[in-house]
Amino acid sequence: MRLETRRNKTVSSRTRRLRVVGALCAVLASALVTGCGQDSGDKTAAATSEAAKVIPKQTTTPSGSSSSTAQLTEAQTRRKDFLSTVKVTFDKAATTAVGEVSGGKLTEIDLEGLDDEDNASPSASPSESAGGDGSASPSPYGTPSPSGSASGSPSPSGSSTGPKWIAEVVEKDGTAHTVTIDAVSGDVIDSVPDEDQTDADKQQLADWLTKATQTPQQAAKVATDKKKGTVTSVDLDENDTQTLVWEVDVVTEDWNRTAFEVNAENGKITAEETDDN
């Protein structure tokens, strides 16, 4: 409908110009005939000047001009398409993972395959402003409604090739278990203990869990209260200043990724960085 309207406007504009030019020719012809044998030079010039006033000023408008709406980058498109296939939210996956290990607590959960190539911790630099297409909005903790179809359909229940949540659940003594959850069906694909842990590793995890008074769900809420979006990763770790933090990744409404550091003891944001590629 817009194209038809634009086409009608173009034809109408052209018709008006042709009519004006025709009128100008008639005026010029009349002026030439009237001024013949008299002071034709002066009167013809005057008539031409008056007629020229009615000619509209010409403007060049590119045909088929592109929309002013900002285009999504490759990374933004990849996140949008990937998240459109995910049906199990962070909080549901976290609850499922913890249920697999008696007395265990979640220390890490990550949506495998999303931004894995550049999944870095945020630095202490000031927050960057994020700009981009706001055509669809992920809800906090949730999955954005797919406004466009993804490159492939979601995998069937229990598939090892579809999107997955990979979680680390730790027992009180520091023994870690890796729990893999199908991000479409919510089914547990696998749950195995970490056989490569040393005693030092176990002690460190046990100490962290004792210090971390903030739960991963609380840290995720702090992050999404600051910027609405979909939580795609939560990880308990020490930052560069040896402060125990929850590292929370959120894909925001413009399909950019914002990485937060949330103090695991007081729940305050200590760093925030936006990847606007």
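Above this note sits the structure.
Here's what I pulled together on the structure shown here. Please read all numbers here as calculations on a predicted model, not as lab measurements.

1. Examining the overall build of the chain
- Each helix and strand in the chain was counted, giving six helices and eight strands.
- Relative to its full complement of 277 residues, the chain shows a buried share of 38%.
- Put simply, 65% of the contacts in the chain that link residues at least 6 apart link residues at least 24 apart.
- Carbon and sulfur atoms make up 50% of the accessible area of the chain, which amounts to about 15700 Å² in all.

2. A short note on the nonpolar core
- If you look at the biggest cluster of nonpolar residues, it comprises 40 residues, and the most contacted ones within it are Phe-90, Ile-109, Leu-111, Trp-165, Leu-236, Trp-246 and Val-248.
- With five residues, the top contributor of residues to this core is strand β6 (residues 244-252).

3. Things to note about the environment of Ala-212
- Secondary-structure assignment places Ala-212 in the loop between α5 (199-211) and α6 (216-226).
- A relative accessible area of 16% means that Ala-212 is categorised as buried.
- As a C-alpha pair, Ala-212 and Asn-266 span 54 residues in sequence and 8.8 Å in three-dimensional space.
- Residues in contact with Ala-212, not counting those within four places in the same chain, are Leu-236, Leu-244 and Ala-264.

4. What about α6?
- Taken as a whole, α6 has its buried residues at Pro-216, Ala-219, Ala-220, Ala-223 and Thr-224. Looking straight down α6, one finds that the buried residues subtend no more than 130° of arc, so they occupy a single side.
- In this structure, the buried residues of α6 make contact with α4 (90-98), β1 (105-112), β5 (229-238), β6 and β7 (257-263).

5. Here's the deal with α5
- Taking 1.5 Å of rise per residue, the 13 residues of α5 would be expected to cover 18 Å, and the 19 Å separating its terminal C-alpha atoms lies within 8% of that figure.
- Looking only at α5, the buried set comprises Leu-205, Ala-206, Trp-208 and Leu-209. One side of α5 carries all its buried residues, which in axial view fall inside an arc of 160°. Counted as exposed and oriented over 90 degrees from the buried face of α5: Asp-199, Ala-200 and Thr-210.
- Residues of α5 that are buried in the fold lie against β1, β2 (164-170), β3 (176-182), β5 and β6.

6. Examining the pairing of β5
- Judged by how many residues are buried, β5 sits mostly within the fold: eight of 10 residues are covered.
- Relative to β6, β5 runs antiparallel, the two sharing nine bridges. In the strand pairing of β6, Val-231 is matched with Val-250.

7. Regarding the sheet that holds β5
- Strand order across the open sheet formed by eight strands is β4-β3-β2-β1-β5-β6-β7-β8, with antiparallel pairing between neighbours. Pairing within the sheet leaves two strands with one partner each, and these edge strands are β4 (188-193) and β8 (269-275). Direction aside, neighbouring strands of the sheet carry axes that sit 20° apart on average.
- Pairing analysis gives seven bridges linking β2 to β3, with the strands arranged antiparallel. Bridge pairing in β3 places Trp-165 opposite Ile-181.

8. Here's the deal with unusual backbone geometry
- The backbone of Gln-242 sits at a positive phi, close to 65°, despite the residue not being glycine.
- The phi dihedral of Trp-255 falls on the positive side, at around 70°, and the residue is not glycine.
- Among the residues examined, Trp-255 registers a relative accessible area of 1% and is labelled buried.

9. Looking at a negative patch on the surface
- Residues Asp-194, Glu-195, Asp-196, Asp-199 and Asp-201 make up a contiguous surface patch of negative charge.
- Inspection of the secondary structure puts Asp-201 in helix α5.

Reading the values: the criteria
- Residues numbered from 1 in each chain as written.
- Predicted model: local features only at pLDDT ≥ 70, side-chain atom pairs only at ≥ 80, totals over all residues.
- Heavy atoms only, no water.
- Helix = DSSP H or I, 4+ residues; strand = E, 2+ residues; numbered from the N terminus.
- Buried < 20%, exposed > 50% of the residue type's maximum accessible area, 1.4 Å probe, protein only.
- Contact = heavy atoms within 4.5 Å.
- Areas by Shrake-Rupley, 256 points an atom, 1.4 Å probe, with all protein chains shown as cover.
- Core = buried A, V, L, I, M, F, W, Y, C linked by side-chain atoms within 4.5 Å.
- Arc of directions from axis to C-beta.
- Expected span 1.5 Å × (residues − 1).
- Pairing = 2+ DSSP bridges.
- Axes fitted to C-alpha atoms, helices over the stretch in contact; angles between N-to-C directions.
- Patch = residues over 30% accessible without salt bridge, like charges linked within 9 Å, V, L, I, M, F, W, Y side chains within 5 Å.
- Salt bridge = Lys/Arg side-chain N within 4 Å of Asp/Glu carboxyl O.
- Lys, Arg positive; Asp, Glu negative; His and termini not counted.
- Charge placed at Lys NZ, Arg CZ, Asp CG, Glu CD.

Interpretation in functional terms is not warranted from these geometric data alone.
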